[in-house]
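Below are the chains, spelled out letter by letter.
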Amino acid sequence: MSNLERDPLELVCEEEAKVRLAQSPVELLEPRDVPLGGPRAMNVRRTLPQRNRSLIGAWCFLDHYGPDRVSETGGMHVPPHPHTGLQTVSWLFTGEIEHRDSAGYHAMVRPGELNLMTAGSGICHSEISTPGTDILHGAQLWTALPEKARFVEPRFDHYAPEPVITETYELRVFMGSLAGSTSPVPLHSPLLGAELLLEAGASVAFDADTSFEHGVLVDSGSVRFNGTLTTADQLAYLPPGHGTLELSAEPGERVRLLLLGGEPLGESIVMWWNFVGRDHDEIVEYRKNWQAEIGAEPRTDGSAETDQFGKVVDNTLDYLPAPVLPNVRIRPRR
């Protein structure tokens with residue numbers, strides 16, 4: 001998914017966050033609505049990044065969307081756009097999305113199946129909801145690649161996790177390990193990603209790695225996460241040092257949530273548009289390369305042409321130009 005946010009307002013003020021942390025170790029992050037563009041813009045609810053929480057482990061971006069009636073909004077129609085220094089994590093609850101990228105992969109994103117694209121040194125891809133999709137509902141997440149891996153070769157991985165089913169919950173672990181289930185997809189830092197369906201009024205406690213920080217994004221229902229009530233669309237953050245993840249659904253409604261985690265990245269990143277780098281000048285160069293490669297802004301400085309992002313396989317859409325850079329240097333996030 002392309003990050004088309006033009007005005008990335010940060011909604012959680014520092015003083016409010018300090019008060020909340022004094023009362024509970026769990027910090028609640030509120031979403032902001034962001035249109036993905038077009039005459040019938042599909043709106044997403046963005047909870048990462050924010051001013052007071054840029055990362056959870058290596059998770060650096062979280063968009064949550066739907067249920068979206070495609071006949072009314074036009075669904076997802078994101079033409080070829082670039083990425084660097086990250087992995088895109090596509091997870092659907094309802095609907096279907098067609099993925100094409102410049103590494104030669106063509107795949108469908110379907111509910112309960114992970115599509116993981118490693119951008120590494122550079123890739124471009126398109127995401128279009130399929131004609132048969134009536135309702136589109138899911139999440140798009142990014143993880144920042146650590147310094148040792150951010151220039152790896154681009155690749156694509158698909159995995160359909162076998163659910164862990166009990167009387168009170170259903171768990172699908174799509175990245176990392178939890179409750180005896182382990183995903184085989186390649187990771188470049190310790191991470192956890194899972195979908196949990198929890199019956200109304202039920203509770204579960206998972207053993208957790210105390211070196212991890214964790215996040216819970218509630219899709220539907222309300223749940224108490226380590227004692228803190230978290231409602232639909234909120235992202236709850238739990239810092240490292242907790243060996244148990246306690247989740248209790250409120251009575252009356254089944255809960256669906258995404259459980260995320262990872263060791264703190266320990267590195268500063270610069271994230272702008274669809275690029276993750278380490279400083280402002282890298283981002284400038286990535287943008288310059290992309291614009292030149294798609295013919296939007298031919299080079300005038302005499303520098304050599306690049307093929308950093310390639311071309312999407314069997315593409316019939318116009319490539320998406322990059323927005324104009326801000327007039328200030330982009331500050332790193334940590």
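Because the structure is predicted, anything quoted here is derived from the model rather than measured.

Engineer: Describe the packing of aromatic side chains, listing the residues and the values that go with them.
Structural biologist: Two aromatic rings, taken as a pair, are described by how far apart their centres are and by the angle between their planes. Using the criterion set out here, one finds 11 aromatic pairs in the structure. Ring plane angle 80° and centroid distance 5.5 Å describe the contact between Tyr169 and Phe206, whose orientation is recorded as edge-to-face. Within this pair, whereas Tyr169 is found in strand 14 (residues 169-175), its partner Phe206 is found in strand 18 (residues 203-207), the two being separated by 37 residues in sequence. Classification of Tyr169 by relative accessible area gives buried; the value is 13%.

Engineer: Can you break down the sheet that holds strand 19 (residues 213-220) residue by residue, with the values?
Structural biologist: Read across the open sheet, the 7 strands follow the order 1-22-19-24-17-14-13; overall the sheet is antiparallel. Two strands in the sheet have a free side with no partner beyond their single neighbour: strand 1 (27-29) and strand 13 (164-165).

Engineer: Before we move on, can you summarise the state of the cysteines with the specific residues and values?
Structural biologist: Applying the stated criterion across every chain yields a total of 0 disulfides. Cys60 forms no disulfide, and the closest cysteine sulfur to it belongs to Cys124, at a distance of 19 Å. Residue class for Cys60 comes out buried when judged on its relative accessible area of 0%. Judged by its relative accessible area of 0%, Cys124 is buried.

Engineer: A description of the pairing of strand 21 (residues 228-231) should follow, citing residues and the corresponding values.
Structural biologist: Of the two faces of strand 21, the one holding Thr228 and Thr230 is buried and the one holding Leu229 and Thr231 is not buried anywhere. Bridge analysis of strand 20 (residues 222-225) against strand 21 gives 4 bridges, and the strand direction is antiparallel. Across the sheet, the residue bridging to Phe225 is Thr228, located in strand 21. The turn joining strand 20 and strand 21, which pair antiparallel and follow one another in sequence, is formed by 2 residues; a positive phi near 50° is taken by Asn226.

Engineer: Explain the pattern of salt bridges to me, using residue names and the numbers behind them.
Structural biologist: On inspection of all chains with the given rule, the structure shows 19 salt bridges. Among the ionic pairs, Arg155 bridges to Asp157, the shortest N-O distance being 2.6 Å. Residue Arg155 is classed as partly exposed on the basis of its relative accessible area of 36%. Between Arg224 and Glu250 there is a salt bridge whose closest N-O contact spans 3.4 Å. Taken together, the residues span a long stretch of sequence, with Arg224 in strand 20 and Glu250 in the loop between strand 23 (244-249) and strand 24 (255-262) at a distance of 26 residues.

Engineer: Give me the confidence of the model for the chain: which residues, what numbers.
Structural biologist: In the predicted model, the chain carries a mean pLDDT of 92, and 92% of its residues have values of at least 70. Counting interchain partners and residues more than four positions distant, the pLDDT-below-50 stretch residues 9-13 has 16 contacts. In the predicted structure, residues 17-22 sits below a pLDDT of 50 and forms 6 contacts with residues beyond four places in sequence or in another chain.

Conventions and cut-offs
Residues numbered from 1 in each chain as written. Predicted model: local features only at pLDDT ≥ 70, side-chain atom pairs only at ≥ 80, totals over all residues. Heavy atoms only, no water. Phe/Tyr/Trp six-rings, centres within 6.5 Å; stacked < 30°, edge-to-face > 60°. Helix = DSSP H or I, 4+ residues; strand = E, 2+ residues; numbered from the N terminus. Buried < 20%, exposed > 50% of the residue type's maximum accessible area, 1.4 Å probe, protein only. Pairing = 2+ DSSP bridges. Disulfide = S-S within 2.5 Å. Salt bridge = Lys/Arg side-chain N within 4 Å of Asp/Glu carboxyl O. pLDDT = per-residue confidence, 0-100. Contact = heavy atoms within 4.5 Å.

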